[in-house]
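# Structural overview for review
This is what each chain is made of:
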Amino acid sequence: MSFEWPWQYNFPPFFTLQPNVDTRQKQLAAWCSMVLSYCRHHKLYTLDVMEAQESPVFNNKKLERKLSMEAIQVVFEELRKKGNLEWLDKNKSRCLVMWRRPEEWGKLIYQWVSKNGMSNSVFTLYELSNGDDTEAEEFHGLEEWMLLRSLQALQADGKAEIITMDDGKGVKFF
């Protein structure tokens, strides 16, 4: 299934940050929504700022329009303010994109555990994100850093405990 672009993507002025404050806020909200939807569709968790400008999300080849580096930075900063982006370095050249926050992933994982009667069970991180039992789940293939943050959120709620095992980390659900 291919990604379905929002109508704004085919509207040339969308690729230029608008000077009017109200219009710009709506535009930034649309950019944030589109970036998160695109990353979710393609299961992208990290973005490189230099590569972003050539990515289809910021570069509409059909229109021959692309968002400027400065505007991409503004969109990324907006995503950061909303809690959907975290910089990996001080130069702000690479970032983590959280199209679903750790607490939301944790809730999905815990629902799966509860639905399958697996409370009081221990899992390795690999089993949770790559195991046969989770293949049909949305969290299947989740990158380890996000899986750990999700489990930390569950641990904070008293629903799980992250444990160290011989071959890495695991988790016990309550």
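Nothing here was measured: the structure is a model prediction, and the numbers come from that model.

This brings us to the packing of aromatic side chains. Evaluation of the coordinates by the stated rule reveals 19 aromatic pairs. Between Tyr45 and Trp145, the aromatic rings sit 6.5 Å apart at their centres with planes inclined by 85°, giving edge-to-face as the arrangement. With Tyr45 in the loop between α1 (21–41) and β1 (46–48) and Trp145 in helix α6 (residues 144–156), the pair connects residues that are 100 residues apart, well separated along the chain. Each member of the pair Tyr45 and Trp145 is classed as buried. Through successive ring pairs, a cluster of aromatic residues spans Phe3, Trp5, Tyr9, Phe14, Phe15, Trp31, Tyr38, Phe58, Phe76 and Trp87. Note that Arg100 overlies the ring of Trp105, its terminal NZ or CZ placed 5.0 Å from the centroid.

Moving on, we come to the domain arrangement of the chain. For the chain, the assigned domains are domain 1 (7–97) and domain 2 (102–173). For domain 1 versus domain 2, the distance between C-alpha centres works out to 30 Å. Interface area, domain 1 with domain 2, both sides summed: about 610 Å², of which 48% is carbon and sulfur. Along the contact surface separating domain 1 from domain 2 lie two salt bridges. Note that Glu138 is salt-bridged to Arg40, the shortest N-O span being 2.8 Å. Across the contact surface, domain 1 and domain 2 share four residue pairs in polar contact (both at pLDDT 80 or more).

Looking at the secondary structure, you find Asn84 in the loop between α3 (69–81) and β4 (85–87). Along the backbone, Asn84 and Arg101 are 17 residues apart, and their C-alpha atoms lie at a distance of 6.9 Å. In contact with Asn84, not counting residues within four places along its chain, are Leu36, Leu79, Leu96, Val97, Met98 and Arg101.

What counts and how
- Residues numbered from 1 in each chain as written.
- Predicted model: local features only at pLDDT ≥ 70, side-chain atom pairs only at ≥ 80, totals over all residues.
- Heavy atoms only, no water.
- Phe/Tyr/Trp six-rings, centres within 6.5 Å; stacked < 30°, edge-to-face > 60°.
- Helix = DSSP H or I, 4+ residues; strand = E, 2+ residues; numbered from the N terminus.
- Buried < 20%, exposed > 50% of the residue type's maximum accessible area, 1.4 Å probe, protein only.
- Lys NZ or Arg CZ within 6 Å of the ring centre and 35° of its normal.
- Domains from an automatic or database assignment.
- Buried area = accessible area lost by both parts, 1.4 Å probe.
- Salt bridge = Lys/Arg side-chain N within 4 Å of Asp/Glu carboxyl O.
- Polar contact = N/O pair within 3.5 Å; in protein donor to acceptor, adjacent residues only side chain to side chain.
- Contact = heavy atoms within 4.5 Å.

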